[in-house]
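Summary of the model geometry
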Amino acid sequence: MMNVPLTVGSLLERAEKFFPKKQVISRTLSGVQRFSYKEIGQRTRRLASALEKLGINRGDRVGTFAWNHHRHLEIYFAAPGMGAVLHTINIRLASEHVTYIVNHAEDKVLFVDEDLLPLLERVKDSLSSIKAFIIMTDKDELPETSLTPAYSYEQLLSEGDPEFEFVKDIDENAPAGMCYTSATTGNPKGVVYSHRGIVLHSYAMGMVDTTALSESDVCLPVVPMFHANAWGMPFAATWFGTTQVLPGPQFTPKLIAELIEQEKVTLTAGVPTIWLGLLNELENGSYDTSSLRAIVCGGSAAPRGMIKAFETKYKIPFLHAYGMTETTPLATVSRLKSYQTSLNEEDMLDIRSKQGLLVPGLEMKVVSAEGEIKWDGNEMGELLLRGPWIADEYYNDERSKDAFRDGWLYTGDVATVDEEGVIKLVDRTKDLIKSGGEWISSVDLENALMAHEAVFEASVVAVPHAQWQERPIACVVLKAPYKDKVDKQEIMDFIAPQFAKWWLPDDIIFMEEIPKTSVGKFLKRALRDQLKDHLVQN
Ligand code: ADP
């Protein structure tokens, strides 16, 4: 067979050639704009040539500090298209982490959204490698900024070459992208994506048994483009000629619901807290969501009650998936096997609320101290992954040797596997609750709590306990109409029949809001800190 390198630039070339009329719909500070793939192609080529003029060479890191919009999509292809490396930076990280990431990756230029300028201005003096800031604004004039030297994105484009040729003679194993995971302790860890890894992952996104992303979809990645490449959607969607809807800055559940209705979105993706918010919005407003063929949910366990509510009340099919920044990220997807579709509704929901089956192309092992676990849905162990879109190290980081061993990625996730090979994540190793020598899954308790009609969000964490070592405490946010109308006992009575007595939380604490991580997951570290003295000695 021909040994043709798999390159990111070729993904956009296909959209330009075969789908020039299809659209990218982009919300920016000034409203919703529409671009054809022909326009996106030309703009991307102009940008790639501008990067070259700015002195960017092959292998140089090109940072982005931006929301999901068409310009971010253009950088997604312009940087790897001219041989550089797209480095997406999480805009919600603390200043010291942003500084660490930019300096550690040695970004040469930084693309920044106008409304995010103040966040970078605060740290500008500590960014040691940046030669130019490129400001993304819809206005003709550059906004006031202390970042120097600052260039206007649109000005650079207007001077660029729309015929610029993407690199063809690049090693497919060369870096194309980079993203740092938000480590819970210590500095974030960098993951480098190769051209080959991104292209193969894009194939995986298009498989019928995974997300089945296709030309006929209208996809709305709510998951940020700085979080594991918006789960690879922008790359795959562009390749397939899929219509893309990019929700832009400071979006709300209402805006997402409106975009779904107005643009007739068929496939959307995001973390559970986004969908809990949307569910709340659908309960209070009236929207036509009939175009949706699937909500893809990952990043944290999708609560079973939420899946059920979307499917039964709103007839919106739900697709639970699992992955990590280190896995590009798609690793498992939960779908029924053909011979499982005649099971009763509840059994089917049980299967679909697990994390699912390994995506074709990857390998897995689940190991405990005794070796590989039995596939009985009971034994637990750490999930190990390998494959062509799984990272094999962290970028210039000592911590690589802990996570990458003997050719496997140690995910830090504890899982069971049932007889069908379906993975269920019990917890992250660090979130499991160790009580009296036994393990309690915070995820299972959260699932049960969030199935109560009054519960909006729930997060369960371990607090230290003199006798039992650790005990679970539940933090619960009630839906607005139920505030002050539902008490702890009612919620405890609701979950009690589902668990052994010693699994039940020692206390339920009502909160106004559960703190979230920079990518919208429940921030258990903060809850643990807050509750560490909340000792309930039974
Ligand atoms: P961060 O570490 O910053 O949260 P990632 O998005 O890379 O960034 O997180 C990956 C982790 O998220 C996984 O290791 C796993 O613990 C969790 N995760 C991802 N998808 C799911 C899911 N469907 N169910 C439960 N946990 C999930």
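Here the structure is a predicted model, which means the values were calculated and not measured. Residue positions are given per chain, counting from 1 as you read along its sequence in written order. Given that this is a predicted model, residues contribute local features only at a pLDDT of at least 70 and side-chain atom pairs are listed and counted only at 80 or more, while totals for whole chains, interfaces and linings are drawn from all residues. No hydrogens and no water enter the side-chain calculation; it runs on all heavy atoms of the structure.

1. Considering the overall build of the protein chain
Note on conventions: DSSP H or I runs of at least 4 residues are helices, E runs of at least 2 residues are strands, and numbering of each starts at the N terminus. Regarding its fold elements, the protein chain presents 17 helices and 27 strands. Taking 24 Å as the expected radius of gyration for a compact globule of 538 residues, we find that the protein chain reaches 23 Å, a close match to that expectation. In this scheme, a residue with accessible area under 20% of its type's maximum is buried, one over 50% is exposed, and one in between is partly exposed, where area comes from a 1.4 Å probe on protein chains only. Expressed as a percentage of the 538 residues in the protein chain, the buried residues total 59%. A separation of at least 24 residues holds for 69% of the contacts in the protein chain among residues at least 6 apart in sequence. Using a 1.4 Å probe, accessible areas were evaluated by the Shrake-Rupley method; residue-level cover was limited to the displayed protein chains. Carbon and sulfur atoms make up 50% of the accessible area of the protein chain, which totals about 22300 Å². Neither His nor the chain ends is counted toward charge; the positive residues are Lys and Arg and the negative residues Asp and Glu. In plain terms, the charge of a residue is placed at NZ if it is Lys, CZ if Arg, CG if Asp and CD if Glu. Each charge class in the protein chain can be summarised by its mean position, and for the 56 positive and 75 negative side chains these summaries are 1 Å apart. For this measure, only C-alpha atoms enter the radius of gyration; the expected value for a globule follows 2.2 Å times N^0.38, where N is the number of residues. Residues count as neighbours in contact if any of their non-hydrogen atoms are within 4.5 Å of one another.

2. Quick look at the pairing of strand β27 (residues 507–510)
Where strand β26 (residues 469–478) and β27 come together, four bridges link them in parallel fashion. When the sheet's bridge partners are listed, Ala 474 is paired in β27 with Ile 508. Throughout, right-handed denotes a crossover for which the path from the first strand over the helix to the second runs clockwise when the strands point away from the viewer. A crossover connection joins β26 to the parallel β27 through helix α16 (residues 488–495); in handedness this β-α-β unit is right-handed. Pairing between two strands requires that DSSP report at least two bridges joining them.

3. Points about the packing of helix α1 (residues 8–18) against helix α2 (residues 37–53)
Their axes nearest at 8 Å, the elements α1 and α2 cross at an angle of 140 degrees. Between α1 and α2, the crossing angle belongs to the class labelled oblique. Along this stretch, α1 crosses α2, giving a crossing that reads as left-handed. On the side of α1, the interface is formed by Leu 12, Glu 13, Ala 15 and Glu 16, while α2 contributes Tyr 37, Ile 40, Gly 41, Gln 42, Thr 44 and Arg 45. Ten residue types, Ala, Val, Leu, Ile, Met, Phe, Trp, Tyr, Cys and Pro, are classed as nonpolar, four, Asp, Glu, Lys and Arg, as charged, and the remainder, Gly among them, as polar. For the contact of α1 with α2, the per-class residue count stands at four nonpolar, three polar and three charged. Angles run from 0 to 180 degrees between N-to-C directions of axes, and those axes are lines fitted to C-alpha atoms, restricted for helices to the stretch in contact. Roughly parallel refers to an angle under 35 degrees, roughly antiparallel to one over 145, roughly perpendicular to one between 65 and 115, and oblique to any angle outside these ranges. By the definition used in this description, the sense in which the near helix is turned from the far one sets the handedness, with an anticlockwise turn below a right angle giving left-handed and a clockwise turn giving right-handed.

4. Quick look at unusual backbone geometry
Here the residue pair Thr 148 and Pro 149 is connected by a cis peptide bond, since its omega of -15 degrees sits within 30 degrees of zero. Counting through the fold element by element, Pro 149 comes out in the loop between β6 (132–136) and β7 (150–152). Going from Thr 328 to Pro 329, the amide bond is cis rather than trans, its omega being 10 degrees. Of note, Pro 329 is situated in the loop between β14 (318–323) and β15 (330–334). Of note, the phi angle at Ala 230 is positive, near 45 degrees, even though the residue is not glycine.

5. Remarks on the sheet that holds strand β10 (residues 218–221)
Ordered by their spatial adjacency, nine strands build an open sheet running β2-β1-β11-β10-β12-β13-β14-β15-β16, and the pairing between neighbours is mixed. A single partner strand is all that each edge strand has here, and the edge strands are β2 (31–36) and β16 (357–358). As defined by bridge partners, β10 adjoins strand β11 (residues 243–246) across two bridges and the pair is classed as parallel. Considered in β11, the bridge of Cys 219 is made with Gln 244. Across the face of the sheet, helix α3 (residues 70–81) comes into contact with β1 (23–28), β2 and β11 while running at roughly 125 degrees to β1.

6. Concerning the pattern of salt bridges
A pairing counts as a salt bridge when a side-chain nitrogen of Lys or Arg comes within 4 Å of a carboxyl oxygen of Asp or Glu. Overall, the coordinates contain 34 salt bridges when judged by the stated rule. Of the charged contacts, one joins Glu 13 and Arg 45 as a salt bridge, the two residues approaching to 3.7 Å between their closest N and O atoms. One end of the pair, Glu 13, is in helix α1; the other, Arg 45, is in helix α2, and 32 residues separate them in sequence. The same class applies to Glu 13 and to Arg 45, which are both buried. Glu 311 is the salt-bridge partner of Arg 352, the closest N and O atoms lying 2.5 Å from each other. Here Glu 311 lies in helix α12 (residues 304–314) and Arg 352 lies in helix α13 (residues 345–352), a separation of 41 residues in the sequence. Through salt bridges that share partners, Arg 43, Arg 71, Glu 74, Asp 138 and Glu 154 make up one connected network.

7. Describing the environment of Pro 317
On the secondary structure map, Pro 317 appears in the loop between α12 and β14. Judged by its relative accessible area of 34%, Pro 317 falls in the partly exposed class. In this structure the C-alpha to C-alpha distance between Pro 317 and Pro 481, which are 164 residues apart in sequence, comes to 26 Å. When neighbours within four sequence positions are excluded, Pro 317 is seen to be in contact with Leu 292, Arg 293, Ala 294, Ile 295 and Glu 311.

8. Some points on the site of the ligand
It suffices for a single heavy atom of a residue to lie within 4 Å of a molecule or strand for the residue to be listed as near it. By nearness alone, 16 residues border the ligand, and Ser 182, Ala 321, Thr 325, Asp 413 and Arg 428 come closest of all. Between N or O atoms, a polar contact is any pair within 3.5 Å; within protein, one atom must be a potential hydrogen donor and the other a potential acceptor, and residues adjacent in sequence are included only when both atoms are from side chains. With respect to the ligand, the backbone of Ala 321 contributes an N or O atom lying 2.7 Å from a nitrogen atom. Compared with its free state, where it exposes 570 Å², the ligand has 92% of that area covered by protein. When the residues that make up the shell around the ligand are grouped by side-chain class, the tally is five nonpolar, eight polar and three charged.

9. Some points on the sheet that holds strand β9 (residues 189–194)
Strand order in the open sheet made by the seven strands is β7-β6-β5-β3-β4-β8-β9, with mixed pairing throughout. Where the open sheet ends on each side, the last strands, each with one partner, are β7 and β9. If you compare each strand with its neighbour and ignore which way they point, the axes differ by 25 degrees on average. As judged from the three bridges shared by strand β4 (residues 85–88) and strand β8 (residues 175–181), these two strands associate in the parallel manner. Bridged to Thr 88 within β8 is Cys 179. α3 rests against β3 (61–65), β4, β5 (107–113), β6 and β8 of the sheet, and its axis sits at about 145 degrees to β4.

10. Quick notes on the packing of aromatic side chains
Centre distance within 6.5 Å is the pairing criterion for rings of Phe, Tyr and Trp, where only the six-membered ring of Trp is used; planes under 30 degrees apart are then read as stacked, over 60 as edge-to-face, and the remainder as tilted. What the rule picks out here adds up to nine aromatic pairs. Taken together through their ring pairs, the aromatic side chains of Tyr 76, Phe 77 and Phe 235 make up a single cluster. If you follow Arg 405 out to its NZ or CZ, it ends over the ring of Tyr 410, 3.8 Å from the centre. Lysine NZ or arginine CZ positioned within 6 Å of the ring centre and within 35 degrees of the ring normal marks a charge as sitting over the ring.

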